[in-house]
Amino acid sequence: MLKYTAKRLAYSVLILFFVMFIIYVLMYNMPSGFVETKARELASRPGATKSYAEWLADLNAQYGMDKGVVRGYLIWLGNAVRGNWGDSWVWNVPVTVEFHNTVWYSFALGLVAFILEILIAIPLGITAARKQYSFTDYFTTVVAMVCISMPTFFVATVLKYIFSVKLGWFDLSGMQGRNYMALSDFGKFLDVAKHFVLPLITLVIISIGGLMRYTRTNMLEVLSADYIRTARAKGVPERTVINRHAFRNTFIPLVTMLGGTLPGLFSGALITETLFSIRGIGFASYTSMTQADIPFIMFYLAFISILTLLGNLISDLLYAAADPRVRLS
Amino acid sequence: MSNKGYSLNEVLKARKAAGQDRQPQGDEVKLDDLSRVKVLSPGRQVFKRFIRNRLAVFGSVTLILMFLFSFVGPLFYPYGQKQIFYKYEPRNVDYGMVKENTAYSGFDVEGGATVERTVNNRMNSIIKNMLSAGVDVDYVQGDEKAYRIEKLADDVYLASAADMQEVCYYGSGEAEIGTYSMVGKKLDYVRDPVEGLEDAVRAAIASDAKGGTFELDGVKYTYTRGKAKSYAITASFDGVQYVDAPMDAGFEAALDAEIHLDGTGFAYNGEDFALAKDGGTWHAYRLVEPRQAKVYSRLTNSTYEAGAAVSPALNLNALLATATGGSFEADGQSWTLSKAEGGWLVRDAAGNEFMEMTPFSVRRYDGADTMEYGLKKALTEKAQEMAAADARTGTLTYALPMQTETGEYVVDEAGNVSTQETELTLNRSQTGEYVVNCQQIIYVINMFDAPSGEHILGTDGDGFDVFARIMYGGRVSLMVGFVVVFLETFLGVIMGGLSGYYGGWVDMLIMRLVDIFYCLPYMPIMIIIGALMDAMRMDTYIRLIVMMAALGIMGWASVARLVRGQILTLREQEFMVATEATGIRVKDRIFHHLVPNIMPQLIVQATMGMGSVILTESTLSFLGLGVKHPLATWGTIINSVSSASAMQHYAFIWIPVGLLICMTVIAFNFVGDGLRDAYDPKAKR
């Protein structure tokens with residue numbers, strides 16, 4: 001197991017190397033003169049600490065733009081490995097500082113959405129599977145499908161229209177109310193929590209369908225297995241069949257999948273955060289992407305790639321841990 | 001019997017043709033009799049299972065409707081996606097303005113002298129100084145000439161130019177003469193030496209060594225003791241010093257009076273003299289033969305007949321005539337000028353009123369001078385009245401040309417323009433102008449029109465028909481879905497096929513590539529590419545192509561993995577051994593024997609993929625990073641009304657479009673699900 005993990009880790013590093021290379025090439029091929037424009041813009045910004053020539057030299061040296069793609073990449077990689085990710089062009093602070101400022105909002109949002117999703121989707125999926133072809137089953141299936149098929153921006157717009165515009169319960173966007181500064185610490189917490197409600201609902205709606213379908217499919221598979229038929233034949237009560245024999249076996253793929261999504265809680269919800277102006281890592285990176293903030297984008301994409309690879313690894317390891325029949329090699 | 005093989009259906013058909021399918025009456029049909037067996041081909045089995053699935057059928061019908069709507073609908077719908085709609089609407093427009101001219105404009109006198117540019121530029125302030133000082137004649141020195149500015153009448157001034165000749169200078173002042181050194185007993189002059197001065201200085205120092213004054217030839221000298229035993233000598237002068245021939249005492253009196261007034265010039269004995277001050281000294285110049293140069297006026301001509309031309313000569317002569325009034329000649333005709341209220345009235349030879357000259361200018365904002373005299377007069381009077389009362393707003397009613405609903409002027413049988421009483425509002429602006437507002441029917445873009453019979457879903461912020469845009473948007477969205485899915489399936493089948501069939505290092509290489517593409521963050525990269533295309537200001541059609549290519553390249557990995565997995569299991573089966581044994585070419589083995597066997601999975605994957613590609617495309621377009629205006633897609637239509645206020649007021653635009661996106665994606669997913677179940681009934685259910 002340890003050997004397998006080590007091997008997978010080494011392999012992930014290799015993949016990461018190439019993934020970042022592809023992303024670097026994309027960044028490197030920004031239209032010609034882009035760095036110059038960026039340097040001019042940065043130098044003319046109010047409060048700029050460096051002149052145009054300094055910015056240009058700085059940017060070129062930092063990202064190896066004046067050298068070839070491969071050498072530039074290696075220079076960037078060398079800096080990154082040493083933890084030197086550079087200063088964000090948009091946020092005017094070191095990339096890691098901006099990361100710290102934003103990632104915890106994203107994590108809070110993601111975690112609550114994740115818990116709600118589990119609490120709603122898994123029971124519904126199991127119920128649907130138990131009563132296959134019933135009204136509940138059809139209803140759940142259709143609802144799940146609708147949730148999967150709705151674009152995030154449409155869900156967000158509908159929610160804003162109903163709850164912000166028509167009912168006026170929540171603000172349209174942002175994370176703080178107008179009188180935020182006048183509130184006590186607990187009041188501030190409640191204020192931010194209130195602004196997180198609509199994004200949270202959006203996230204739950206768009207992600208609930210997949211988990212519901214996944215649970216239902218796996219439950220159906222388990223319910224048609226021989227050992228369930230055997231248990232029923234032996235006269236085991238239906239409750240025990242479902243809760244002990246069936247659910248425990250459905251648990252394996254569920255744990256595997258959910259475990260794999262755990263690292264994703266840190267990656268932020270790019271579209272949702274942007275639509276609701278939640279200052280999480282997703283919104284920060286969206287802003288950086290549209291304004292070509294190369295240091296922050298490189299950092300964010302590296303971060304997401306690492307999370308993806310980590311998710312795959314966790315998923316595989318959990319699979320082996322939860323199912324004794326599986327052996328890793 | 002065909003040589004293709006044994007087919008139960010064909011056996012049954014042959015029997016039926018031979019009339020053998022009917023059993024003789026009375027005989028019992030055996031349970032396994034061939035006539036009781038109905039065999040379906042695999043394709044028909046799949047179809048039968050598929051149509052039994054209600055959701056799948058719903059999805060299929062929805063998709064067919066959506067395709068008809070998007071691809072056939074525009075053929076029957078009268079409007080295009082980029083057609084802008086206009087309408088006529090009564091609006092309160094800035095009709096014109098009334099302004100009291102404050103600036104004087106100059107008109108050259110025919111055959112007269114020219115005015116230097118620097119003087120010409122200063123003329124407005126010179127005239128204003130004359131006004132505030134209450135003088136009628138003023139003199140100005142330019143670099144080359146001197147000018148006499150004379151008031152002809154209120155608001156009309158005449159500038160004449162003349163050569164300058166210095167007459168005298170006048171004043172009291174001091175001039176440094178030089179330094180007298182006790183050591184060298186010598187006077188060092190800084191100016192021309194004065195005869196006898198050295199001796200006079202010496203005598204003065206001898207009488208009083210501290211310093212003092214003495215006179216020599218009527219000039220007063222002062223000597224003061226400085227450092228190193230030296231004296232600074234200065235001369236004082238006072239009174240008139242003539243350059244040429246001296247003038248008489250009357251001149252000196254006039255000069256004296258003018259200097260006391262701190263004036264700019266005076267007339268004496270039929271001649272004009274300009275004064276210039278240089279430090280404490282005044283210089284008087286004679287204006288030699290002044291010639292008329294330019295007339296400055298702030299009067300505006302308003303002709304009685306709208307749009308009648310006023311020639312420059314008429315304008316100039318009329319202005320010159322303001323000094324005396326009465327008749328004058330211009331353009332070979334004789335005209336009469338008379339004083340009118342607030343200005344001057346010009347009549348032609350026949351005694352008809354031709355034009356009025358007032359300091360008020362009234363004009364239309366559109367530049368065309370289509371205002372008739374009566375309206376100009378009424379507006380001017382109103383403005384004067386408001387100025388007198390210091391009112392900010394005022395209204396008057398006047399018969400303006402009548403407009404039809406399409407904004408055209410109504411003309412009666414006699415060819416005269418019909419009029420309509422219209423209320424005009426005058427507002428004084430910060431700059432002192434009076435802006436005239438009134439209701440006019442004008443041609444505007446039909447923005448955010450609510451749904452009506454003409455526009456089923458109304459119009460959007462650019463005056464486009466929303467329903468037409470939804471149709472064309474559907475075209476783009478569905479087309480993007482098809483192209484991208486085709487591209488990713490094509491790439492995926494080739495890569496997966498090669499990988500699964502060959503195994504070994506090819507498999508190794510391709511699978512590592514798949515791993516890398518799996519790891520690439522999909523949405524961020526699309527956003528970056530979108531921002532990049534923004535920076536390059538790419539054409540919207542090229543954007544569309546780039547976006548489709550990028551989506552296809554990003555999505556092939558999952559197809560490749562699926563194909564490889566299937567091929568790995570199929571490769572071991574007997575029919576593949578057979579293809580190898582019979583020596584079929586590798587290309588045919590992969591694409592004729594393996595790929596058709598994975599077709600079901602591919603079709604399911606492609607159908608589901610279509611939905612997700614449409615979602616991605618609409619999200620990107622919504623963010624403004626995909627397809628751009630004026631090309632319509634469902635995402636851009638929603639984006640155009642995504643601001644808070646637009647969202648609130650124009651729900652009739654974004655709700656139908658959002659529902660269409662949902663319906664399409666749901667339909668693709670239902671069909672995909674249905675197909676999967678139909679192909680492989682045992683798999684999940």
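None of the values given here were measured: they were computed from a predicted structure. Each chain carries its own residue numbering, running from 1 in the direction its sequence is written. Just so you know, chain letters begin at A and ligand numbers begin at 1, following the order they were written in. Selection of residues for local features in this predicted model requires a pLDDT of at least 70, selection of side-chain atom pairs for listing and counting requires 80 or more, and totals for whole chains, interfaces and linings are taken over all residues.

1. Brief notes about the overall build of chain A
Going by this rule: A run of DSSP states H or I qualifies as a helix once it reaches four residues; a run of E qualifies as a strand once it reaches two. Both are numbered from the N-terminal end. To assign burial, the other C-beta atoms lying within 10 Å of each residue's own C-beta are counted, with C-beta atoms placed from the backbone; 20 or more indicates buried, 12 or fewer indicates exposed, and intermediate counts indicate partly exposed. A residue pair is marked as a contact if its C-beta atoms, positioned from the backbone, fall within 7 Å.
Each helix and strand counted, chain A has 14 helices and zero strands in total. Listed by position from the N terminus, the elements making up chain A come as α-α-α-α-α-α-α-α-α-α-α-α-α-α. Classification of the 329 residues of chain A by burial places 36% in the buried group. If you take every contact in chain A between residues at least 6 apart in sequence, the share linking residues at least 24 apart comes to 69%.

2. Quick notes on the overall build of chain B
The helix and strand inventory of chain B stands at 17 helices and 23 strands. Considering chain B as a whole, with its 685 residues, one finds that 33% of them fall into the buried category. For chain B, long-range pairs separated by at least 24 residues make up 62% of all intrachain contacts whose partners lie at least 6 apart in sequence.

3. Some remarks on the interface of chain A and chain B
As a reminder, the rule being used: Residue polarity follows a fixed list, in which Ala, Val, Leu, Ile, Met, Phe, Trp, Tyr, Cys and Pro are nonpolar, Asp, Glu, Lys and Arg are charged, and the others, Gly among them, are polar.
Chain A puts 38 residues into the contact, and the matching count from chain B is 35 residues. Broken down by secondary-structure element, the contributors of at least two residues to the side of chain A that touches chain B are α1 (2–28), α6 (135–149), α7 (152–166), α9 (197–223), α12 (270–276), α13 (281–290) and α14 (294–322) of chain A. When its residues are assigned to classes, the side of chain A that touches chain B shows 28 nonpolar, eight polar and two charged.

4. With respect to helix α7 (residues 312–321) of chain B
Of all 10 residues making up α7 of chain B, seven are buried, and the element is well covered by its neighbours. Buried within α7 of chain B we find L314, L316, N317, A318, L319, L320 and A321 of chain B.

5. Some words on the packing of α1 of chain A against α14 of chain A
Residue and element names in this part refer to chain A. Rule in force here: Axes here mean lines fitted to C-alpha atoms, for a helix over just the part in contact, with angles spanning 0 to 180 degrees between N-to-C directions. In what follows, roughly perpendicular refers to angles from 65 to 115 degrees, roughly parallel to angles under 35, roughly antiparallel to angles over 145, and oblique to any angle outside these ranges. Take the far helix as your reference; a near helix turned counterclockwise from it by less than a right angle gives a left-handed crossing, and one turned clockwise gives a right-handed crossing.
One can describe the packing of α1 onto α14 by two numbers: an axis separation of 10 Å at closest approach and a directional angle of 150°. Regarding the angle of α1 to α14, the classification is roughly antiparallel. Handedness of the α1/α14 crossing: right-handed. On α14, the residues that touch T5, R8, S12, I15, L16, V19, M20, I23 and M27 of α1 are I294, I297, M298, L301, A302, S305, I306, L309, L313 and L317. Looking at the contact of α1 with α14 residue by residue, the class counts come to 15 nonpolar, three polar and one charged.

6. As for the environment of A399 of chain B
Residue and element names in this part refer to chain B. Structurally, the position occupied by A399 is in strand β21 (residues 393–401). C-alpha separation for the pair A399 and L375, spaced 24 residues apart in sequence, amounts to 8.4 Å. Among all residues touching A399, those that are not within four sequence positions of it are T419, Q420 and E421.

7. Section: the environment of A161 of chain B
Residue and element names in this part refer to chain B. Position of A161 relative to the elements: it lies in strand β5 (residues 156–171). We classify A161 as buried; it has 24 C-beta atoms within 10 Å. Excluding anything up to four places from it in sequence, A161 contacts A113, V115, K145, Y147, P290, R291 and A293.

8. Remarks on the sheet that holds strand β19 (residues 353–358) of chain B
All names here are of chain B. Here is the rule: Strand pairing is defined by DSSP finding a minimum of two bridges between the two strands.
A sheet is described by the order of its strands in space; here five strands give the open sequence β15-β19-β18-β17-β16, paired in antiparallel fashion. Both outer strands of the open sheet, β15 (300–303) and β16 (326–330), are each paired with one neighbouring strand and no more. Put simply, the sheet's adjacent strands are angled 30° from each other on average, direction ignored. Bridge count for strand β18 (residues 343–347) against β19 is four bridges, and the pairing is antiparallel. Looking at β19, one finds that R347 is bridged to E353. Where α7 meets the sheet, its contacts fall on β15, β16, β17 (333–340), β18 and β19, and the angle it forms with β16 comes to roughly 150°.

9. Thoughts on the packing of helix α9 (residues 466–502) of chain B against helix α10 (residues 504–519) of chain B
Residue and element names in this part refer to chain B. Packing of α9 against α10 leaves a shortest axis separation of 7 Å and a crossing angle of 140°. Two packed elements cross with a definite hand, and for α9 against α10 that hand is left-handed. In contact with M495, L498, S499 and Y502 of α9, α10 contributes G504, V506, D507, I510 and M511. Among the residues making up the contact of α9 with α10, the classes are represented as six nonpolar, two polar and one charged.

10. Observations concerning the sheet that holds strand β22 (residues 419–428) of chain B
Residues and elements named next belong to chain B. Read from one edge to the other, the open sheet built from five strands follows the order β20-β1-β23-β22-β21, with strand pairing classed as antiparallel. Both edges of this open sheet fall to β20 (360–364) and β21, since each of them pairs with a single strand only. Each neighbouring strand pair of the sheet contributes to a mean axis angle of 30°, computed without reference to strand direction. Bridging between β21 and β22 involves nine bridges; their strand directions are antiparallel. Within β22, the position partnered with T393 by the bridge is N427. Across the sheet, helix α8 (residues 373–389) touches β1 (86–100), β20, β21, β22 and β23 (434–445), and the angle it forms with β21 is around 175°.

11. With respect to the environment of N315 of chain B
Residues and elements named next belong to chain B. Following the sequence through the fold, N315 ends up in helix α7. The class for N315 is partly exposed, based on 19 C-beta atoms found within 10 Å. Residues N315 and M357 lie 42 residues apart in sequence; the distance between their C-alpha atoms is 9.5 Å. Dropping the residues within four chain positions of it, N315 is found in contact with F107, N301 and V310.

12. Focus on unusual backbone geometry
Positive phi, normally seen in glycine, also occurs at Y133 of chain A, with a value near 70°. Relative to the helices and strands, Y133 of chain A is located in the loop between α5 (95–130) and α6. Looking at Y133 of chain A, the number of C-beta atoms within 10 Å reads 9, which means it is exposed. For E289 of chain B, which is not glycine, the phi dihedral falls at a positive 45°. Here E289 of chain B lies in strand β14 (residues 281–297).

From the geometry alone we can't say anything about function, so treat these as descriptive.
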